[in-house]
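# Tertiary structure, described
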Amino acid sequence: MPPARGGGGRGGGRGGRGGAFNPARGTVTIAGTELNWDLTGLDIQKGPAERFPLCAASYHVVPAAMSEQQSKSRASASLNHPLRQQQEAPPPQAPPPTLDETGIVAHYIAVRDRIHEGPFYTILNDGMKNGLKRKASEPAPTEASLFNPFTDNQTFSAKYLKVRRRLPKLDARPYVTDLFPAELRLTLDGTRADGNPSKKRRTLGVTKINAVSQIERMIKAEQDRSNEAEARAEEEPDEDAEEEDEEADEDKPDAVDEEDNWSAVSTDSEESDDDYNAEQYFDNGEDDAIDDADPYENTYE
Amino acid sequence: MSYNQRETPILAELCTFLVEDVYGELAARVYSILARHGRQTLAAVARASYLNGRQIKYGLVILLQQHLIFHSGGEPPVTYYEIDWQNSYAVVRFGKVAKLVEDRFGRKAANVMSNLLTLGHTRIADLKEAYFPPDTESDDDSDDGVVNGAGLKRKRAYEAHVNGKATKLNGVVNGVPAELDDVKPDPQSLANGDHATNGTSKAAKANGTAHATVIEEVEDNDEIASVDELYDIIRLLVERGWVRTVSDTQYLSPGDMHDMLQQRAIEEELGGAAMTGTKDKEKVHRKTQQLKRQIRDEWLIPPKFSRKRGDDGSNKRVKINGANYASAHKASSPEDELVVRVNPEKVSVAMRTEQLVQLVEQRLGPVTAYIYQTMLRMLEAHTPRCYEDFPEPPLATGEVVAEITMDPRFLVNARDIAKRLPRDFDVLEGLDPNAVTAVTRKGHVHRSNILSTAIDPSNLSMDEKTQLVDKHIRLLAEDPLHFATWHSRAGFSQWHIEFEEIAKQLIQSEVENTISARKGSLGVKLIRALRKKGKLDERATCNAMMMSAADIRGIVNDLTVQGFVQTQEIPKVERREAKHSLHLVWYDRQRAREKLLHDTYKGMVRIVQRIAFEREKAQPLLSKAERSDVVGNEAKWLSKSELDALQKWKEVQEKLLLQLFREDDLVATLRDFHGPLVSV
């Protein structure tokens with residue numbers, strides 16, 4: 001080993017500066033530490049020593065705080081770095097969101113939800129992964145292969161299902177036609193398949209208030225419900241339900257006129273409010289006075 | 001090899017997923033073809049796809065409207081389409097754009113901004129009409145042009161708006177009015193009517209050229225009340241470069257643009273003659289770059305907004321008493337025909353500000369960080385982009401282009417910052433007490449670093465405040481990252497910020513962070529040694545790192561496999577023999593940066609896929625929650641366990657999105673803050 005050789009041959013003999021050989025006691029002083037002459041069994045680390053071995057974060061090139069912020073993507077891996085501690089360390093967890101980040105996520109979800117509710121959002125559900133032509137060896141997905149026997153069976157409540165477009169509704173909003181290439185301008189006019197241009201008024205869908213996402217609304221509703229239930233247990237549930245029904249009616253999508261573009265679910269029946277509609281003769285029981293015990297008795301879940 | 005056999009480039013995959021996540025399947029299918037096959041005509045897209053012609057056309061319209069693809073213009077007989085990957089990637093920044101605008105200009109501006117994000121580009125007139133629908137539309141026609149939800153909201157907003165106006169006309173001036181649940185009228189605007197908003201924007205415009213006020217409107221009222229307000233917000237955003245006007249040249253892909261401008265350059269420089277020789281080539285190149293810069297800068301010139309409009313509208317409104325839509329609609333203004341959209345370049349500038357401020361906050365504390373934020377936001381108004389895309393090529397003869405004098409708009413001094421700080425802001429915090437006493441000349445410092453006399457920060461004179469701010473800036477300048485750089489003594493010391501240098505260091509530290517996470521400190525040590533010494537063979541590496549070869553080899557191997565360290569083999573004899581060749585190792589920042597960027601993209605792809613998977617799991621529940629009988633009656637038709645599951649899905653989604661946006665921060669650092677680095 002290098003220290004042993006150095007101590008005997010060169011450094012120790014002179015005894016001048018640091019590595020001194022003390023013949024009296026038979027020891028050698030290396031870096032201020034007095035050691036036995038025989039160094040076998042002494043384990044010397046070959047790698048560079050930690051400068052601040054006690055502090056976990058000192059490993060970093062930049063101060064820990066900086067790296068914590070920047071390497072968020074790999075955050076926790078770099079937080080408690082030293083290998084010794086890694087065994088006991090808890091599994092990596094991303095740091096919780098800051099206030100700003102919560103805002104960013106909320107804004108993103110709001111914008112995305114609005115685009116999803118807008119006229120351009122489509123779901124094809126044709127079993128394809130991308131737009132490329134399928135290979136000759138792969139047969140086109142059939143109706144039967146796309147059918148999921150567990151969820152796709154039409155039940156009564158399917159008439160309430162939200163309809164999703166398969167083709168965007170281009171005539172819903174105005175365009176700056178000059179910016180589009182000539183071959184697409186006809187499409188912009190919203191000419192239907194039958195060749196009649198639509199005469200609908202076009203407006204942009206904007207929101208003036210910063211929207212709350214739908215899920216949050218539901219969860220809030222649930223909290224309200226549980227709060228209310230606690231507050232007034234004996235009040236009759238009928239009034240409340242009716243009011244809510246009216247609100248829900250206003251919410252309905254205007255899907256009547258474009259059946260060919262929509263998925264199979266028909267929304268005709270809910271649109272009209274007349275008494276002569278046979279389908280509405282039997283309702284699903286939502287207006288009945290439900291037993292207070294379990295409001296979910298009559299519903300599918 | 002055909003296209004079908006090769007793996008899709010990761011960025012194309014990421015962009016396709018993002019487009020699908022936001023704009024739906026049809027758009028994404030069409031996009032995926034263009035991403036896969038590159039520049040295509042409509043017919044070629046149809047050939048490569050299983051979709052029918054109508055679907056493809058509709059898809060292209062969506063993509064064009066949202067600026068996700070380029071097209072080659074209307075004149076030539078065939079139009080080529082090509083993806084705009086930068087804009088497609090920018091989809092992931094929607095949330096950030098809205099948030100950054102909210103921080104700077106208030107919630108109303110954020111609302112306008114998020115509407116613009118939703119709509120792609122739009123005429124201002126159309127936007128106005130959407131915000132304030134004209135009277136011809138019957139009031140209860142709530143679902144016109146909107147699928148569901150949004151229409152209802154608009155109607156509610158409409159009513160609330162009328163209410164707000166009514167209170168205004170009744171002259172409520174007694175302090176804070178009763179809070180309605182939808183609208184909270186702003187006391188100031190109630191008192192002054194439209195002149196309040198006009199006034200602020202006038203002021204902003206007056207000193208807008210010199211220095212921007214940092215935060216214009218912080219109001220708790222987040223609903224836009226009048227057409228004028230909308231116009232003022234749009235004008236403010238346009239002037240600050242957040243929103244830009246759209247012209248058809250913006251639809252040209254970089255390649256088309258280059259061809260067009262190079263042609264023009266040849267005509268101007270060589271009189272239309274063919275390029276011969278390197279000298280001509282260089283001349284044309286220089287001219288082309290200049291033309292590119294010119295055309296890009298022209299896009300950003302804010303158009304003139306008329307001033308008169310505001311007065312007309314308000315007068316009429318008073319007369320008509322509440323039903324103000326007709327008047328607002330009639331008063332058309334010249335800017336109505338302008339087409340606007342969000343400017344994606346500005347976003348990265350603001351993201352840079354945010355990242356630097358966060359960094360300073362961690363290194364130097366919140367007060368200094370606030371001052372730095374003020375400083376950066378002042379500069380932001382004049383910074384359209386982080387780096388020059390089309391730099392002037394260096395002269396072939398080797399002479400340096402004459403040093404351009406620093407534009408005074410990029411200089412900041414302490415006094416300007418001190419003026420902008422809020423009154424109750426404690427500038428004393430975060431400074432050395434000795435420095436504080438040196439400025440205030442009150443009391444002295446105890447041995448335990450405590451001031452002997454308390455100083456009230458709100459009583460400081462402007463001079464003292466300025467000096468204290470200057471102390472903070474000095475802290476910034478003395479940091480190893482040199483957040484600020486001293487420029488000249490004019491006034492009270494002018495400072496500028498060398499973004500380029502800081503960006504380079506940020507990139508480097510990101511690379512080092514990654515390596516330290518993967519390989520530990522020895523990996524970082526290797527990178528640093530190589531960076532300092534250049535290309536080394538094994539023996540030299542051992543010497544430089546003071547380690548034995550056996551210890552180094554493993555690290556070098558791993559880092560080479562990961563792409564952070566480059567290797568090269570130079571034979572010393574004719575035969576290519578391992579023993580008789582030099583094996584060099586070196587570190588190339590640009591390559592390491594690209595590799596890390598690539599890895600980050602891959603991570604983002606995985607996150608987006610994961611979100612899709614989690615959504616699939618929750619899909620039955622989600623479609624139930626969206627049923628028209630359930631919407632609004634969630635409490636009635638959804639059970640507790642279903643609501644819990646919804647809550648869980650929401651949490652999962654938020655967590656994944658959060659991670660996605662953090663990776664996007666990393667992408668911004670690596671890609672957007674600095675142009676391509678010259679390989680060393």
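Residues numbered from 1 in each chain as written. Chains lettered and ligands numbered in written order. Predicted model: local features only at pLDDT ≥ 70, side-chain atom pairs only at ≥ 80, totals over all residues. Heavy atoms only, no water.

### Things to note about the nonpolar core
Residues and elements named next belong to chain B. Core analysis: the largest hydrophobic core is formed by 184 residues, its most contacted members being Y372 and M375. Per-element tally for this core: the top contributor is helix α26 (residues 589-625), with 13 residues. Other than its neighbours up to four places away in sequence, M375 contacts V412, I417, I473, L476, A484, W495 and I497. Counting 10 residues, the second largest nonpolar core, distinct from the first, contains L252, A265, I295 and W299. (Core = buried A, V, L, I, M, F, W, Y, C linked by side-chain atoms within 4.5 Å. Buried < 20%, exposed > 50% of the residue type's maximum accessible area, 1.4 Å probe, protein only. Helix = DSSP H or I, 4+ residues; strand = E, 2+ residues; numbered from the N terminus. Contact = heavy atoms within 4.5 Å.)

### Points about the packing of aromatic side chains
All names here are of chain A. Applying the stated rule across the entire model yields six aromatic pairs over all chains. With 6.0 Å between their ring centres and 90° between their planes, Y175 and F180 make a pair best called edge-to-face. By relative accessible area, Y175 is classed as buried at 6%. Taking the relative accessible area as the measure of exposure, F180 reaches 1% and is therefore buried. (Phe/Tyr/Trp six-rings, centres within 6.5 Å; stacked < 30°, edge-to-face > 60°.)

### Let's talk about the pattern of salt bridges
Residues and elements named next belong to chain B. Scanning all chains against the criterion turns up 49 salt bridges over all chains. As a salt-bridge pair, K519 and D558 come within 2.6 Å of each other at their nearest N and O atoms. Taken as a pair, K519 in helix α22 (residues 499-519) and D558 in helix α25 (residues 549-562) lie far apart in primary sequence, 39 residues in all. On the basis of relative accessibility, which here comes to 26%, the residue K519 falls in the partly exposed class. A salt bridge links E642 to K624; its shortest N-O distance comes to 3.2 Å. Taken as a pair, E642 in helix α28 (residues 640-672) and K624 in helix α26 lie far apart in primary sequence, 18 residues in all. Residue E642 is classed as buried on the basis of its relative accessible area, which comes to 10%. (Salt bridge = Lys/Arg side-chain N within 4 Å of Asp/Glu carboxyl O.)

### Quick word on the sheet that holds strand β5 (residues 243-245) of chain B
Residues and elements named next belong to chain B. The sheet built from three strands is open, its strands ordered β4-β6-β5 with antiparallel pairing. The sheet is open, and its two borders are formed by β4 (122-123) and β5, each paired with just one other strand. Here β4 runs beside strand β6 (residues 339-342); their pairing, made up of two bridges, is antiparallel. Looking at β6, one finds that R123 is bridged to V339. (Pairing = 2+ DSSP bridges.)

### Observations concerning the environment of A:S137
Examined against the element boundaries, A:S137 turns out to sit in the loop between α5 (99-117) and α6 (143-146). For the pair A:S137 and A:R166, spaced 29 residues apart in sequence, the C-alpha to C-alpha distance is 26 Å.

### Looking at the sheet that holds strand β8 (residues 485-488) of chain B
Strand pairing within a sheet occurs via backbone hydrogen bonds; the two strands may be parallel or antiparallel. Residues and elements named next belong to chain B. Spatially, three strands are ordered β7-β9-β8 in an open sheet, and the strand pairing comes out antiparallel. A strand with exactly one partner marks an edge of an open sheet, and here the two such strands are β7 (412-413) and β8. For β7 and strand β9 (residues 494-496), the ladder comprises two bridges, and the chain directions are antiparallel. Pairing of V412 across the sheet is with W495, part of β9.

### Quick look at the packing of α5(A) against helix α1 (residues 10-23) of chain B
Direction vectors running N to C along α5(A) and α1(B) enclose 70°, while the axes themselves pass 8 Å from each other. Between α5(A) and α1(B), the interaxial angle falls into the category roughly perpendicular. For the pair formed by α5(A) and α1(B), the contact residues are A:Y108, A:R112, A:I115 and A:H116 on the first element and B:D21, B:V22 and B:Y23 on the second. Taken together, the residues of the contact of α5(A) with α1(B) break down into four nonpolar, one polar and two charged. (Axes fitted to C-alpha atoms, helices over the stretch in contact; angles between N-to-C directions. Parallel < 35°, antiparallel > 145°, perpendicular 65-115°, else oblique. Nonpolar A, V, L, I, M, F, W, Y, C, P; charged D, E, K, R; others polar.)

### Remarks on the confidence of the model for chain A
Residue and element names in this part refer to chain A. Looking at chain A as a whole, the pLDDT averages 64, with 44% of positions reaching at least 70. Across chain A, α5 holds the top mean pLDDT of 93, while helix α1 (residues 2-14) sits lowest at 40. Of the regions scoring below 50 in pLDDT, residues 1-18 engages in 16 contacts with residues more than four places distant in sequence or in other chains. Between residues 234-272, whose pLDDT stays under 50, and residues either more than four places distant or in other chains, the model counts 69 contacts. (pLDDT = per-residue confidence, 0-100.)

### With respect to helix α21 (residues 462-478) of chain B
In an α-helix, one turn spans 3.6 residues; hence positions three or four apart end up facing the same way. All names here are of chain B. For α21, with 17 residues, the first-to-last C-alpha span of 24 Å sits near the 24 Å given by 1.5 Å per residue. Residues E464, K465, T466, L468, V469, D470, H472, I473, L476 and A477 constitute the buried set of α21. Where the residues of α21 are buried, they touch α17 (344-364), α18 (366-380), α19 (414-420), α20 (433-440) and β9. (Expected span 1.5 Å × (residues − 1).)

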